[in-house]
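# Fold and geometry: a report
Here is what each chain is made of, one letter per residue.
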Amino acid sequence: MAKFTGSLMGMGNPLLDISAEVGQDILDKYDVKVDNAILAEEKHLPLYKELADNYSPQYIAGGATQNSIRVAGWILAANGRPGECSYMGCVGNDEFGKRLEKCAAEDGVCVNYMKDETTPTGTCAVLVKGGERSLIANLAAANNFKPSHLETDESKAIYESAKVYYIAGFFLTVSVESLKIVAEHALANGKTFCLNLSAPFIIDFFRDQVATALEYADYLFCNESEAAAYGKKHGLGEDLKEVALKIAASPKKNAARPRTVIFTQGSGSTIVACDGKVSEYDVVPLPKEELVDTNGAGDAFVGGFLAGLLTEKDIGACVEAGHWAARFIIQQSGCTLTKACEYKL
């Protein structure tokens, strides 16, 4: 691997998405809610074979953080900044792992996977119904990322070169210790650390891990359901603008830099809170007939936003880039980058 000299590093759970259009019967059978993300339990494990056998699914490179890094790299490369993005996570030494690596590399991402010789690459069932998606993640190898991987020469070269770090909340179920190593490096060197709350179950069941990570966050992303869950869990009220302001003002390790909190709301306006002020940015509505599925929309928004951040755009321009990326992705099946990026930062 050539030494990485780019500016953006992501770390998370690399998963191969197994995506299929399904009916309400499958959602009911596996006790899955529309527009939700969960970890697979024993009762969900037959689902993956059922999709493969009966639904002719698509196999798409996934994992929330990896999606965001791929989108950021795609946009940056189209704006004269190739080779800016890197990603770490754990995969199995198998065909699915090779497929993930190939896809990420094609999108211009420098991947530095930890390889688990005994556990298969993680998968995520993506159940699409009426354009909305439900995600059931079987982490498998992704669950086995270890801090020791960050001690390798390749990993050190990546995180020492990077200036911006992004980790989705899903990784909090895997290795908070690894997150802290990267976050402490960012803190000590005045670099930018970004976090996503990712799903209501992360907020509800991993409260201590979220609290640990949040103190490092210069930028915090989540959608409206996650924002509402956080507000409810911490008694911050139901007004999402107030919730955003309170999270922005919560304790922070790097007190020299105010925290920016970004709440996306699907086709509703995006809320941004920082330094006691809150703003809203309208989303240009997409005609219903042009919507393919919403899988990856939030990831794509973050990717666009990070591309703006790396090119030193103001917050409004970062949000606009995020909106454009999300709008592109919801017109594709999953987080697939089917053509050259036309967006100019």
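Residues numbered from 1 in each chain as written. Predicted model: local features only at pLDDT ≥ 70, side-chain atom pairs only at ≥ 80, totals over all residues. Heavy atoms only, no water.

### Quick look at the sheet that holds strand 5 (residues 85-88)
Counted only if it meets this: In short, DSSP must find at least two bridges between two strands for them to pair. Per the convention used, a helix needs a DSSP run of H or I reaching at least four residues, while a strand needs a run of E reaching at least two, with both numbered from the N terminus. Angles run from 0 to 180 degrees between N-to-C directions of axes, and those axes are lines fitted to C-alpha atoms, restricted for helices to the stretch in contact. Contacts were defined at the residue level, with two residues in contact if any of their heavy atoms lie within 4.5 Å.
Taken in spatial order, the nine strands make up an open sheet running 7-5-1-11-12-13-14-15-16, and their pairing is mixed. Every other strand in the sheet has two partners, leaving strand 7 (109-111) and strand 16 (277-281) as the edge strands with one partner each. Along the sheet, successive strands turn relative to each other by an average axial angle of 20°, direction set aside. Two strands pair when backbone bridges link them, and strand 5 and strand 7 are joined in this way by three bridges, in the parallel orientation. Looking across to strand 7, one finds that Ser 86 is bridged to Cys 110. The sheet strands contacting helix 9 (residues 224-233) are strand 12 (192-196), strand 13 (219-223) and strand 14 (260-265), and the helix crosses strand 13 at an angle near 105°.

### Description of the packing of aromatic side chains
Note the following rule: We call Phe, Tyr and Trp rings a pair once their centres come within 6.5 Å, taking the six-membered ring for Trp, and we label the pair stacked below 30 degrees between planes, edge-to-face above 60, and tilted otherwise. For each residue, the accessible area found with a 1.4 Å probe, counting protein chains only, is set against the maximum for its type, and the residue is called buried under 20%, exposed over 50%, and partly exposed in between.
Tallied over the entire structure, the rule returns 15 aromatic pairs. For the ring pair Phe 145 and Phe 171, a centre distance of 5.6 Å and an interplane angle of 70° mean the geometry is edge-to-face. With Phe 145 in the loop between strand 10 (132-138) and helix 5 (153-161) and Phe 171 in the loop between strand 11 (164-168) and helix 6 (176-188), this residue pair connects regions lying 26 residues apart in the sequence. Accessibility assignment for this pair places Phe 145 and Phe 171 in one class, buried. Taken together, a centroid distance of 6.5 Å and an interplanar angle of 70° make the contact between Phe 193 and Tyr 216 edge-to-face. Of this pair, Phe 193 sits in strand 12 while Tyr 216 sits in the loop between helix 8 (207-214) and strand 13, and the two are 23 residues apart along the sequence. Both residues of the pair, Phe 193 and Tyr 216, count as buried. Clustering of aromatic rings is evident, with ring pairs tying together Tyr 166, Tyr 219, Phe 221, Phe 301 and Phe 305.

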